[in-house]
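Now for the letters of each chain:
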Amino acid sequence: MMSETDSNSAGEAMMSLIRRLYPICRSITGDGLRQTLRIVGEQIPLQLIEVPSGTPVFDWTVPPEWNLKRATLTAPDGRVVADTDIHNLHLMNYSVPMRATMTLSELRPHLFSMPDKPDWIPYRTSYYAPNWGFCLAHRVLESLPEGDYRVDIDTTLSPGSLTYGELLIPGETDDEVLFSAHACHPSLANDNLAGIAVATALAQELARERRRYSYRFIFAPGTIGSICWLARNQDRVSRIKHGLVLSCLGDSGSLTYKRSRRGDAEIDRVVEHVLRESVAAHQVNDFVPYGYDERQYCSPGFNLPVGVLMRTPNGKYPEYHTSADNLDLVKPAALADSLNTLRIVVDVIEQNGTFVNQLPHCEPQLGRRGLYSNTGGNATPPGYEMALLWVLNYTDGQHDLLDISKRSGIPFATIATAAKMLREKSLLK
Ligand code: ZN
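Source: prediction; values computed, not measured. Counting restarts for each chain: residues are numbered from 1 in the order of the written sequence. Owing to the predicted nature of the model, reporting of local features is limited to residues with pLDDT of at least 70; listing and counting of side-chain atom pairs is limited to 80 or more, with chain, interface and lining totals taken over all residues. The basis for every side-chain value is the complete set of non-hydrogen atoms in the structure, without hydrogens or water.

Visitor: For the overall build of the protein chain, give the residues involved together with the corresponding values.
Guide: Comment: elements are numbered from the N terminus, with helices defined as DSSP H or I runs of at least four residues and strands as E runs of at least two. Within the protein chain one finds 13 helices and 18 strands. Here the C-alpha coordinates of the protein chain stretch approximately 95 × 40 × 35 Å along the principal axes. In this scheme, a residue with accessible area under 20% of its type's maximum is buried, one over 50% is exposed, and one in between is partly exposed, where area comes from a 1.4 Å probe on protein chains only. When the 429 residues of the protein chain are sorted by exposure, 55% land in the buried category. Here a residue-residue contact requires only that any non-hydrogen atoms of the pair lie within 4.5 Å. Taking the contacts inside the protein chain whose residues are at least 6 apart along the sequence as the reference set, 79% of them involve residues at least 24 apart.

Written out as structure tokens, the structure is:
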């Protein structure tokens, strides 16, 4: 468990990474994405992989690389009403290059706003259909006078590559735990940057000591990035025993877990248990084939045990995919709470297991083995002796420690401590 000081400094460190990444114009390819991954790479030894444009990946093709210099929309009176130097959401992401003068009615099909949120700029993309557009606050759009507008979109769309970042922290076994965060959203703080920052902080911590599992971190553009990774690693996916997509982890809402497609995978039971034990308000939702990269990891051909950890889910907070998903929406304390939850999830994954009682005929004599605290004088957690009895009775090869914790109502950490002591006395295998 983190002290308050550690928690504050972890929250601030994640927040400062988010602040640094926020202004960069990211996309599913291009220099903004690359720069983002390089900055993450300053904190963890991330390997950058380039997948050339035109590469077939399952039913998809890696698109041409998109880069933005600047895009502006100038009104007849000379007023610049959209400018990516002011906010990169002003341009529809992946807009094709365009230089033209046109009337307001010709321009209209290319303008996007949110009438119900008149001060916010919406986030729009057109990755796979060539298009262009500007996104404006509705208040600005409504004020536009008739006349000739100058469109100046200085972008390039040309053969290049898609970049993703990967880090494997080796453990005692090749069995892997996967953490995956999308890295393609431009200036949006909670949806994208919070997940990146929490994943980076978690990777830093996991790299400090060797664990039972190997831990793989993937930072990739949404959809096409995880499709690229899966296409290039088909022979390795069977090593993934548990996985989580990390997203929207910085808003002040409570935690939400979205189950894997399997629904009853160990990761599902672990995260649900950790949230239940935390006593904090939380929500658990079933898998739906909509959302983030769990759509690819949980596609039926892979059906990996990958769930999603979020705070307020995508689409469920008003600022989602707008300019209001900004630095004010993300709170250091929420980031720290998300990180701490993941730490506990990792601890449970590491300690959980299915063991077999080696003396199942009647209870073994525990006092003789120094396992009762009144004889051994050990500092043991409350409920520890009860935990010994529960563990001995249910380690029949059918129940893992998580089941025993759930069934007994004894905290997982106490059950795990009891199991560890029993293993040391060779009463469990
Ligand atoms: Zn999004």
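Visitor: Account for helix 12 (residues 401-408), naming residues and giving values.
Guide: An α-helix turns once per 3.6 residues; consequently, residues spaced three or four apart project the same way. By the burial criterion, the buried members of helix 12 are Leu401, Leu402, Ile404, Ser405 and Ser408. An end-on view of helix 12 places all buried positions within 160° of arc, on one side of the element. Exposed positions of helix 12 whose direction lies more than 90 degrees from the buried face are Lys406 and Arg407. On its buried face, helix 12 sits against helix 7 (266-278), helix 9 (332-351), strand 17 (354-356), helix 11 (384-394), strand 18 (396-400) and helix 13 (412-424). To be clear, the arc concerns the directions from the helix axis to the C-beta atoms.

Visitor: I'd like a rundown of the environment of Asn326, residues and numbers included.
Guide: Tracing the backbone shows Asn326 in the loop between strand 16 (306-310) and helix 9. Exposure remark for Asn326: the relative accessible area of 21% places this residue in the partly exposed category. For the pair formed by Asn326 and Glu50, sequence separation is 276 residues and the distance between their alpha carbons is 29 Å. Sequence-distant contacts of Asn326, defined by excluding residues within four places in its chain, comprise Tyr22 and Ala189.

Visitor: Break down the pairing of strand 11 (residues 176-182) for me, with residues and values.
Guide: Of all seven residues making up strand 11, seven are buried, and the element is well covered by its neighbours. Going residue by residue along strand 11, you find Glu176, Leu178, Ser180 and His182 tucked away on one face and Val177, Phe179 and Ala181 tucked away on the opposite face as well. Strands pair, by our definition, only if DSSP identifies at least two bridges between them. With seven bridges connecting them, strand 11 and strand 12 (residues 214-220) associate as parallel partners. When the bridges of strand 12 are listed, Val177 appears paired with Tyr215.

Visitor: Give me the lowdown on helix 11, citing residues and values where you can.
Guide: Taken together, the buried positions of helix 11 are occupied by Tyr384, Ala387, Leu388, Val391, Leu392 and Tyr394. Here the buried face of helix 11 lies against strand 18, helix 12 and helix 13.

Visitor: Can you lay out the sheet that holds strand 6 (residues 98-103) for me, pointing to particular residues and giving the numbers?
Guide: Overall, antiparallel pairing links the four strands, which are arranged 5-4-9-6 in an open sheet. The open sheet terminates on both sides in strands that have one partner only, identified here as strand 5 (80-83) and strand 6. Recorded for the sheet is a direction-independent mean angle of 15° between the axes of neighbouring strands. Judged from the three bridges that link them, strand 4 (residues 65-74) and strand 5 form a sheet pairing that is antiparallel. Looking across to strand 5, one finds that Thr74 is bridged to Val80. Axis definition: a line fit to C-alpha positions, over the contact stretch in the case of helices; interaxial angles, taken between N-to-C directions, run 0 to 180 degrees.

Visitor: Please set out the coordination of the zinc ion residue by residue, giving values where relevant.
Guide: Think of it this way: four donors in a tetrahedron around the metal ideally sit 109.5 degrees apart, and six in an octahedron ideally sit 90 or 180 degrees apart. Water is absent from the atoms considered, so a metal site may look incomplete; donors are defined as N, O and S atoms within 2.8 Å of the metal, or 3.2 Å for Na, K and Ca. Coordination of the zinc ion by the protein is provided by His185 (NE2), Asp191 (OD) and His321 (NE2), with metal-donor distances spanning 2.0 to 2.1 Å. Linear spacing of the donor residues for the zinc ion on their chain is H-x5-D-x129-H. Taken together, the positions of His185 in the loop between strand 11 and helix 5 (189-206) and His321 in the loop between strand 16 and helix 9 put the pair 136 residues apart, joining distant regions of the chain.

Visitor: I'd like to hear about the sheet that holds strand 16, residue by residue, with values.
Guide: The eight strands lie next to each other as 1-10-12-11-13-16-14-15, forming an open sheet whose pairing is mixed. Whereas interior strands pair on both sides, the edge strands pair on one side only; in this sheet they are strand 1 (47-52) and strand 15 (282-285). When strand polarity is set aside, the average angle formed by the axes of neighbouring strands in this sheet is 20°. Sheet strands touched by helix 2 (residues 31-41): strand 1, strand 10 (161-169) and strand 12. Its angle to strand 10, the strand with the most contacts, is close to 15°. Against the sheet, helix 5 touches strand 10, strand 11, strand 12 and strand 13 (240-246), its axis set at about 155° to strand 12.

Visitor: Can you tell me about the environment of Asp191, naming the residues and giving the values?
Guide: Looking at the element boundaries, Asp191 is found in helix 5. For Asp191, a relative accessible area of 0% translates into the label buried. Sequence-wise, Asp191 and Ser247 are 56 residues apart; in three dimensions their C-alpha atoms are separated by 6.1 Å. Sequence-distant contacts of Asp191, that is, excluding residues within four places in its chain, are made with His182, His185, Ser247, Cys248, Tyr292, Tyr317, Tyr320, His321 and Asp325. Any pair of N or O atoms that falls within 3.5 Å is considered a polar contact. Within protein, one atom must be able to donate a hydrogen and the other to accept it, and sequence-neighbouring residues count only if both atoms are side-chain atoms. Separated by 3.1 Å, the side chains of Asp191 and Tyr292 make a polar contact.

Visitor: Quick one: what's the story with unusual backbone geometry, residue by residue and with numbers?
Guide: Of note, the phi angle at Cys248 is positive, near 50°, even though the residue is not glycine. Looking at the secondary structure, you find Cys248 in the loop between strand 13 and strand 14 (255-258). Since its relative accessible area comes to 0%, Cys248 is described here as buried. Its identity is not glycine, yet Asn303 carries a phi of approximately 45°, on the positive side. Residue position: Asn303 is located in the loop between helix 8 (294-297) and strand 16. Its relative accessible area of 22% is what places Asn303 among the partly exposed residues.

Visitor: Go over the pairing of strand 12, please, and point to the residues and values.
Guide: Of all seven residues that make up strand 12, seven are buried, and the element is covered over most of its length. Here strand 12 shows two buried faces, one formed by Ser214, Arg216, Ile218 and Ala220 and the other by Tyr215, Phe217 and Phe219. Note: strand 10 against strand 12, five bridges, orientation antiparallel. Among the inter-strand pairings, Gly165 is bridged to a residue of strand 12, identified as Phe219. Taken together, strand 11, helix 5 and strand 12 form a β-α-β motif whose crossover is right-handed. When the strands point away from the viewer and the connection leading from the first strand across the helix to the second strand turns clockwise, the crossover is called right-handed.

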